[in-house]
Amino acid sequence: MSERDMKDFIDREAELGLLEEAWRKGGFAFVVVYGRRRVGKTRLLLEFAKGKQLFYYTAIEAPLEELREDFARAAKVQLKVPSSGDPIDLLEWLASTGQRILVVLDEFQYMVEADPSLPSRLQRSIDTTLSGSKVFLVICGSAVSFFERELMAYRSPLFGRGSLSLKLSPLGFPHVRRYLSNYPIEEAVLAYGAVGGTPAYLKLLDRSKSVLENLHYLLRLGSRFYEEAPNLLRQELREPRTYMGILAALASGGRRPSQLASAAGIDARALPKYLAVLEELDIVARIAKVGGRGSKLDFKDNYFRFWFAFAYKLRHLIETGFAQEAVEHVERELPSYMGPVYESLLRELLPNLYRAGLVPVRPVEVGSWWSGKVEIDVVAREPGRAAAFVEVKWRTVSGAEALELLRELEAKASATGLLPPESYYVLAVKRVKDQPPLPKHYKLLQLSDIEAAVSSASCLHGVQA
């Protein structure tokens, strides 16, 4: 591992702590670590492996005979022992030595594809041999649906055998902010809006340059940033074109199932199946209607939001050598694009804002509210006690405009039927010029407040930049 990789290990202290806690217990452990590609699974496990006796095998997509030959070579190189190439044989041999050893079987889904009997044989080995050993077994992989719907499902032979299961998702903004600590807060939010919280994508940024300067080489044919989204969807999904149609429609403002289904060329009745997979991959999320039925769909991962809003639509420019024109288009449209990003960020950070005393409502329920053409961007509610209604604007406003927007928000909130004993009206903007005196139930949030909320030690512990 390079010195740069060591320095750029981002967050995951909570996950590291859980792994170390399981290790300290001694005895056999069976741990599952999974998540889509690039979220940092391998990097986490290599960090955990420091100072431990380790056997690490990354499976290849190959027929069983070839896979076993590859496994046997890995055992010979790392452990200096001959192997049949059957992972169960090696695990049981390691168990017989009485040694404490960390065994990582990465891209485990390929091993199961080549040998469907492997989960059943592993279950039997755990029950009869491994459970009395000191082997610390980690199976890892990027096929999220395989892990959630097959490997850990009730019908799976391995159901209930695990000591610990960790699904790694992209990082939240507080940890991204720490990694981009040299950026002003506005630039950090812009970066989060463009690359999201996946560590591999964050590392594509040259932190000595602005986001727009970075886009000049990120939005180019052949760059990982440009190629990654379609490649990942092709690797993870059986019908990538259908999913790309759904995501492109969502990035264009489509919210109704009929719009998304039509763009993808599928029956609207089949849409929930595809949306469930995108939710599993942490690409999209459902935003609840607070105090009512229904939900709306939004991007959860800003990398995919940005890619489908810009790279996908501008591919004809990028692929014909007009990358400069593509970046100029992004620059013109970025203020409009950042509105939904900022709205999503406010929902994400409500617990931080509450702890910092900036939003005086415990966010027990978080979502939005809408009826007809009236919509409130963010609603946080502690049922029976208090609610905060939030209007989000990605721009600088005057004090007079801020006051007018807050009054309009209060009028909209009166129609929701959600007004509890305490109601607060919050305007979130980039900054306010000439901030006016406000009634107690009116609140203003600026980027400087966002900075304060995410800069506390409780938000940022465990992040190395």
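Quantities reported herein were computed from a predicted structural model and do not represent experimental measurements.

(A) Geometry of the overall build of the protein chain. Within the protein chain one finds 22 helices and 14 strands. Over its C-alpha trace the protein chain gives a radius of gyration of 25 Å, about what one expects of a compact globule, namely 23 Å for 465 residues. Reported as C-alpha extents along the three principal axes, the dimensions of the protein chain are approximately 75 × 55 × 50 Å. The 465 residues of the protein chain split such that 54% are buried.

(B) Representation of the environment of Gly-35 in the model. Note on placement: Gly-35 falls in the loop between strand 1 (29-34) and helix 3 (41-48). Taking the C-alpha atoms as reference, Gly-35 lies 36 Å from Ser-371; in sequence the two are 336 residues apart. Once you skip the residues sitting within four places of it in the chain, Gly-35 turns out to touch Lys-41, Gly-141, Ser-142, Val-144 and Leu-168.

(C) Representation of unusual backbone geometry within the structure. With a phi close to 60 degrees, Lys-80 is a non-glycine residue in the positive phi region. Take Lys-80: it is sitting in the loop between helix 4 (64-79) and helix 5 (87-97). Here Glu-107, not a glycine, exhibits a phi torsion of approximately 50 degrees, which is positive. Mapped onto the elements, Glu-107 comes out in the loop between strand 3 (101-106) and helix 6 (108-114).

(D) Looking closely at the sheet that holds strand 12 (residues 422-428). Read across the open sheet, the five strands follow the order 8-9-10-12-14; overall the sheet is mixed. Two strands in the sheet have a free side with no partner beyond their single neighbour: strand 8 (365-371) and strand 14 (442-445). The mean angle between the axes of side-by-side strands here comes to 30 degrees, regardless of whether they run parallel or antiparallel. Sheet topology note: the strand 9 (residues 374-382)/strand 10 (residues 386-392) ladder contains five bridges and is antiparallel. Within strand 10, the position partnered with Glu-382 by the bridge is Ala-386. Packed onto the sheet, helix 19 (residues 323-355) meets strand 8, strand 9, strand 10, strand 12 and strand 14 and runs at close to 10 degrees relative to strand 9.

(E) Geometry of the packing of aromatic side chains. For the coordinates displayed, the defined rule picks out 23 aromatic pairs. Residues Tyr-57 and Phe-71 carry aromatic rings whose centres are separated by 5.0 Å and whose planes lie at 75 degrees to one another, so their mutual orientation is edge-to-face. One end of the pair, Tyr-57, is in strand 2 (residues 54-58); the other, Phe-71, is in helix 4, and 14 residues separate them in sequence. Judged by centre distance (4.3 Å) and plane angle (35 degrees), the ring pair of Tyr-201 and Tyr-303 falls under tilted. Here Tyr-201 is found in helix 11 (residues 199-202), whereas its partner Tyr-303 is found in helix 17 (residues 302-311), with 102 residues between them in sequence. Following the ring pairs from residue to residue traces out a cluster consisting of Tyr-201, Phe-225, Tyr-303, Phe-304, Phe-306, Phe-310 and Tyr-337. Over the ring of Tyr-179 we find Arg-207; its NZ or CZ atom is 4.0 Å from the centre of that ring. In this structure, Arg-315 packs its charged tip against the face of Tyr-312, placed 4.1 Å from the ring centre.

(F) Just the nonpolar core, in detail. With 128 residues, the main nonpolar core has Phe-108, Leu-122, Leu-137, Phe-173 and Phe-306 as its most contacted residues. Considering each element in turn, this core owes the most residues, 13 residues, to helix 19. If we skip the residues at most four places from it in the chain, Phe-173 touches Ile-185, Ala-188, Val-189, Tyr-192, Leu-345, Glu-348, Leu-349, Ile-450 and Val-454.

(G) Region of the structure containing the sheet that holds strand 5 (residues 164-167). One open sheet holds the five strands; their spatial order is 2-3-4-1-5, and the pairing between them is parallel. Two strands bound the open sheet, and with one partner strand each, they are strand 2 and strand 5. For this sheet, the mean inter-axis angle between neighbouring strands, taken without regard to orientation, is 15 degrees. Relative to strand 5, strand 1 runs parallel, the two being bridged by four bridges. In the sheet register, Val-32 faces strand 5, and the bridge partner there is Ser-165. Strands in contact with helix 2 (residues 13-24) are strand 1, strand 3, strand 4 (135-141) and strand 5; relative to strand 5, the strand with the most contacts, it is inclined by about 165 degrees.

(H) Layout of the pairing of strand 1. Counting buried residues in strand 1 gives six out of six residues, a clear majority hidden from the surface. By the alternation rule, side chains of strand 1 split into Ala-29, Val-31 and Val-33 and Phe-30, Val-32 and Tyr-34, which are all buried. Relative to strand 4, strand 1 is paired through six bridges, and the arrangement is parallel. Counterpart to Ala-29 in the pairing with strand 4 is Phe-136.

Cut-off values and rules
- Residues numbered from 1 in each chain as written.
- Predicted model: local features only at pLDDT ≥ 70, side-chain atom pairs only at ≥ 80, totals over all residues.
- Heavy atoms only, no water.
- Helix = DSSP H or I, 4+ residues; strand = E, 2+ residues; numbered from the N terminus.
- Rg over C-alpha atoms; globule rule 2.2 N^0.38 Å.
- Buried < 20%, exposed > 50% of the residue type's maximum accessible area, 1.4 Å probe, protein only.
- Contact = heavy atoms within 4.5 Å.
- Pairing = 2+ DSSP bridges.
- Axes fitted to C-alpha atoms, helices over the stretch in contact; angles between N-to-C directions.
- Phe/Tyr/Trp six-rings, centres within 6.5 Å; stacked < 30°, edge-to-face > 60°.
- Lys NZ or Arg CZ within 6 Å of the ring centre and 35° of its normal.
- Core = buried A, V, L, I, M, F, W, Y, C linked by side-chain atoms within 4.5 Å.

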